[in-house]
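# Survey of secondary and tertiary structure
Listed below are the residues making up each chain.
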Amino acid sequence: MNWLANLIPPRIRSFVGEQKEVPDNLWQKCPGCEAMLFHRDLAANHNVCYHCGHHLRLSVKERLKLMYDDGKYSELPMPQVEQDPLKFKDRKRYVDRIKEAQSKTGLKEAITVVCGTMGGMSVVTAVFNFSYMGGSMGVAVGEAIVSAAEFAVQKKAAFIIIPASGGARMQEGMLSLIQMPRTIAAIEMVKEAMLPYIVILSDPTTGGVSASFAMVGDIHIAEPGATIGFAGRRVIEETVREILPPDFQTAEYLLEHGMVDMVVPRSKIKETLVNIIGILTKKAVCETKPGGGNGGKRKNNGQNGRGSKAAEKTGKNGKQENTSEPTKTKASINETKTKYSKVSSQARTAQSSAKAAVKQDARECESVVEEKTKETALAGKR
Ligand SMILES: [Zn+2]
């Protein structure tokens, strides 16, 4: 209450009734356009600003609900690890920091591992929570990623990681840095099992996390405007003594420079994931096979108008309709096969010619080096 309110005599104040204070968390300022956003509208829009499309951070539960079929998934238990291996203490004890983060977020660690289905395909997802100690990667997080990868291999499921992290957890020192190669080895295991590994880079993905598993995905999807990088902007500017472009280390900048495959808004993330996993696991091909269901047929008809017309012409008989499509697909498969063999033979010849060129270059280099050494030897004799 301000000083003006204090001037009102208490009797009048009791008559009018004291003003109810508006809770602080009902409105939020958009970091993109500075508009005030009402919490209910914001939640309905998956924490995306409805004025400028800025993607605000999203809680783990909301994110998973958005991705999985019917918003349903089951959480995997966290592997047990020693909480404070170094008995670390700075201004506070590390154990106290952990307790504080746990009570603040209601989570056990900075990572949550779940499994469920997306478009009917089983998927294991590991999501970081930035509000838990900056989503930093310690022994527990590393162990969780390893066990999640093992689970994905066991279940023959696609593996998704959604990092939102400041990097390694400093309170665990060297042990947190060891998690970088460990997680890479875990991802390698998923890749050897021929399972898709997709990374959804959310805001922010920096430090040791971006320098390990987050940058070795089969597909890198990023959220619009997300900060993705290794060292901070200021550190780089001071090191290279140059002013960096304003969009440096954003998802869009990385897309332009080939580090990210696609920038996908939150509203389209599920359909994108289902598409990608379908293509990588060849589930989409299975759908278009004869008797594969209506979904496949619709796709075929949409892609080439001729197919649908031919089906109409062949007429009322459903059987004929069914037989015409597989022959078409067979023909198209053969066509692609011949195309592929042509391209591959071209690639092979190009490769062999490149090799020959490299060898020739090497020979030339050797002869130049020999000449130079002879010259220097002669010069030395003189
Ligand atoms: Zn905005």
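Residues numbered from 1 in each chain as written. Predicted model: local features only at pLDDT ≥ 70, side-chain atom pairs only at ≥ 80, totals over all residues.

Spacing of three or four residues puts side chains on the same side of an α-helix, whose turn is 3.6 residues. Among all positions of helix α4 (residues 60-67), only V60, R63, L64 and M67 are buried. Angular distribution of buried residues about the axis of α4 spans 95°; they occupy a single face of the element. Against β4 (111-118), β5 (121-128), β6 (158-162) and α11 (269-280) lie the buried residues of α4. (Buried ≥ 20, exposed ≤ 12 C-beta atoms within 10 Å, placed from the backbone. Helix = DSSP H or I, 4+ residues; strand = E, 2+ residues; numbered from the N terminus. Arc of directions from axis to C-beta. Contact = placed C-beta atoms within 7 Å.)

Bringing the environment of E237 into the picture now. With respect to the element layout, E237 can be found in helix α9 (residues 233-240). Those residues in contact with E237 that lie beyond four places of it in its chain are E242, I243 and L244.

A word on the nonpolar core. Counting residues in hydrophobic clusters, the biggest one holds 59 residues, and the most contacted among them are F159, I198 and L201. If one sorts the elements of this core by residue count, helix α6 (residues 139-155) sits on top with eight residues. I198 has contacts with A158, I160, G217, D218, I219, I221, L273 and I276, leaving out every residue within four places of it along the chain. (Core = buried A, V, L, I, M, F, W, Y, C linked by C-beta atoms within 7 Å.)

As a further point, take the sheet that holds strand β9 (residues 262-263). The strands that make up a sheet are held in pairs by hydrogen bonds between backbone atoms, and each pair lies either parallel or antiparallel. The strand order across the open sheet formed by seven strands is β3-β4-β5-β6-β7-β8-β9, and the pairing between neighbours is mixed. Strand pairing shows two members of the sheet lacking a second neighbour, β3 (74-75) and β9, which therefore form its edges. Pairing analysis gives two bridges linking β3 to β4, with the strands arranged antiparallel. Paired with S74 across the bridge in β4 is C115. α11 rests against β4, β5, β6, β7 (197-201) and β8 (219-222) of the sheet, and its axis sits at about 70° to β4. (Pairing = 2+ DSSP bridges. Axes fitted to C-alpha atoms, helices over the stretch in contact; angles between N-to-C directions.)

Look at α6 against helix α7 (residues 173-192): their axes get within 9 Å of each other, and the N-to-C directions meet at 5°. The angle between the axes of α6 and α7 places the two elements in the roughly parallel class. Touching V139, V141, G142, I145, V146, A149, A152 and V153 of α6 are L175, S176, Q179, R182, T183, A186, I187, M189 and V190, all from α7. A class-by-class count of the residues in the contact of α6 with α7 yields 12 nonpolar, four polar and one charged. (Parallel < 35°, antiparallel > 145°, perpendicular 65-115°, else oblique. Nonpolar A, V, L, I, M, F, W, Y, C, P; charged D, E, K, R; others polar.)

The topology assignment puts S74 in strand β3. For S74, a count of 8 C-beta atoms within 10 Å puts it in the exposed group. Spatially, the C-alpha atoms of S74 and V113 are 8.7 Å apart, while their sequence positions differ by 39 residues. With near-sequence residues (within four places) excluded, S74 lies in contact with V114, C115 and G116.

In this section: α7. Helix length check: α7 (20 residues) gives 30 Å between terminal C-alpha atoms against 28 Å at 1.5 Å per residue, within 8%. The complete set of buried residues in α7 reads S176, Q179, T183, A186, I187 and V190. Against α6, β6 and β7 lie the buried residues of α7. Positive backbone phi, at 60°, marks M194, one or two positions downstream of α7. (Expected span 1.5 Å × (residues − 1).)

Of note, the amide linkage connecting D203 to P204 takes the cis form, showing an omega dihedral of -10°. Note on placement: P204 falls in the loop between β7 and α8 (207-210). Even without a glycine there, the phi angle at H46 is positive, about 55°. Relative to the helices and strands, H46 resides in the loop between α3 (39-44) and α4.

One face of the sheet, then the other: side chains in a regular strand alternate in exactly this way. With respect to burial, β5 is a largely interior element, six of its eight residues being buried. For β4 and β5, the ladder comprises eight bridges, and the chain directions are antiparallel. Each residue of the ladder has a partner; that of T117, found in β5, is S122. As consecutive antiparallel partners, β4 and β5 are separated by two residues, and within that stretch G119 has a phi angle of approximately 60°, a positive value. Strand direction decides the pairing type here: β5 and β6, joined by five bridges, are parallel. By the bridge assignment, V123 is partnered in β6 with A158. For the handedness criterion, the β-α-β arrangement of β5, α6 and β6 is classed as right-handed. (Right-handed = clockwise from strand over helix to strand, strands pointing away.)

Of all the five residues making up β6, five are buried; the element is thus mostly covered by neighbouring parts of the structure. Side chains of β6 alternate between two faces, with A158, I160 and I162 and F159 and I161 buried alike. Here β6 runs beside β7; their pairing, made up of three bridges, is parallel. Bridging from a neighbouring strand, I160 pairs with I198 of β7. Between the parallel pair β6 and β7, the chain is carried across by α7, and the sense of this crossover is right-handed.

Attention now moves to the confidence of the model for the protein. Here the protein averages 82 in pLDDT, while 71% of its residues score no lower than 70. A low-confidence stretch, residues 288-325 stays under pLDDT 50, and its non-local contacts, those more than four residues away or across chains, total 25 contacts. (pLDDT = per-residue confidence, 0-100.)

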